[in-house]
Amino acid sequence: QVQLVESGGGLVQAGGSLRLSCAASGRTFSDATMGWFRQAPGKEREFVAAIIRSVGNTYYADSMKGRFTISEDNAKNTVYLQMNSLKPEDTAVYYCAAKYQDLNIEVGKEYAYWGQGTQVTVSS
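Residues numbered from 1 in each chain as written. Predicted model: local features only at pLDDT ≥ 70, side-chain atom pairs only at ≥ 80, totals over all residues. Heavy atoms only, no water.

Caption draft 1: Molecular detail of the side chain of S21. As for its placement among the helices and strands, S21 is situated in strand 3 (residues 18-25). For S21, a relative accessible area of 15% translates into the label buried. For S21, the contacting residues outside a window of four places in its chain are V5, E6, S7, W36, T78, V79 and Y80. (Helix = DSSP H or I, 4+ residues; strand = E, 2+ residues; numbered from the N terminus. Buried < 20%, exposed > 50% of the residue type's maximum accessible area, 1.4 Å probe, protein only. Contact = heavy atoms within 4.5 Å.)

Encoded structure:
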């Protein structure tokens, strides 16, 4: 059974940092595309970042470039999202997702597997 479990969310002041983790289990994810998405109250889910694990290529939404970094630990089958210089508008539930093809990586509905989400709240 495929499972993605996020952790690392919490409350942080503006300008602070958090690191989210996504632990994958149930099958190998070494050749998967792993993505992070977020959804704020009253807003649609949006793409944050993704990594194509087979080649290590990373992708970011424009508003996250330079502040967020996606990385992986193959030994732990875990993907991370380091978030720096956080802003109140980054407040959202952050979701980890996975799929086994590397097209349309910004399209959430093309991801087959999803975690339960972790809340990130940035206070001003």
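What follows picks up the thread again.
Caption draft 2: Examining the pairing of strand 1 (residues 3-7) more closely. Here strand 1 shows a buried face lined by L4 and E6 and an unburied face lined by Q3, V5 and S7. Sheet topology note: the strand 1/strand 3 ladder contains five bridges and is antiparallel. Bridge pairing links Q3 to S25 in strand 3. (Pairing = 2+ DSSP bridges.)

Caption draft 3: Quick look at the pattern of salt bridges. Tallying each qualifying case throughout the model produces six salt bridges. Between R38 and E46 there is a salt bridge, and its shortest N-O distance comes to 2.6 Å. Take R38: its relative accessible area is 6%, and that puts it in the buried class. Since its relative accessible area comes to 32%, E46 is described here as partly exposed. Note that K99 is salt-bridged to E110, the shortest N-O span being 3.8 Å. On the criterion of sequence distance, the pair formed by K99 in strand 9 (residues 92-99) and E110 in the loop between strand 9 and strand 10 (113-114) is long-range, its members being eleven residues apart. A residue is classified by how much of its surface remains accessible, and E110, at 31% relative accessible area, is partly exposed. (Salt bridge = Lys/Arg side-chain N within 4 Å of Asp/Glu carboxyl O.)

Caption draft 4: Highlighting the sheet that holds strand 7 (residues 68-73). Ordered in space as 1-3-8-7, the four strands form an open sheet in which the pairing is antiparallel. Where the open sheet ends on each side, the last strands, each with one partner, are strand 1 and strand 7. Ignoring which end each strand starts from, the neighbouring axes of this sheet average 15° apart. (Axes fitted to C-alpha atoms, helices over the stretch in contact; angles between N-to-C directions.)

Caption draft 5: How the structure looks around the environment of F37. Mapped onto the elements, F37 comes out in strand 4 (residues 33-39). The exposure class assigned to F37 is buried, which follows from its relative accessible area of 1%. Measuring from C-alpha to C-alpha, the distance between F37 and Y94 comes to 5.7 Å, with 57 residues separating the pair along the chain.

Caption draft 6: Spatial organisation of the packing of aromatic side chains. Taken as a whole and judged by the stated rule, the model has eight aromatic pairs. Ring centres of F37 and Y111 lie 5.1 Å apart, and the angle between their planes is 80°; this geometry places the pair in the edge-to-face category. Taken together, the residues F37 in strand 4 and Y111 in the loop between strand 9 and strand 10 connect sequence positions 74 residues apart. Y111 shares its class with F37; the two are buried. (Phe/Tyr/Trp six-rings, centres within 6.5 Å; stacked < 30°, edge-to-face > 60°.)

Caption draft 7: Structural context of unusual backbone geometry. For N77, which is not glycine, the phi torsion reads 50° and is therefore positive. As for its position among the elements, N77 is in the loop between strand 7 and strand 8 (78-83). Although it is not a glycine, N104 sits at a positive phi angle of roughly 50°. Considering the arrangement of structural elements, one finds N104 in the loop between strand 9 and strand 10. For N104, a relative accessible area of 45% puts it in the partly exposed group.

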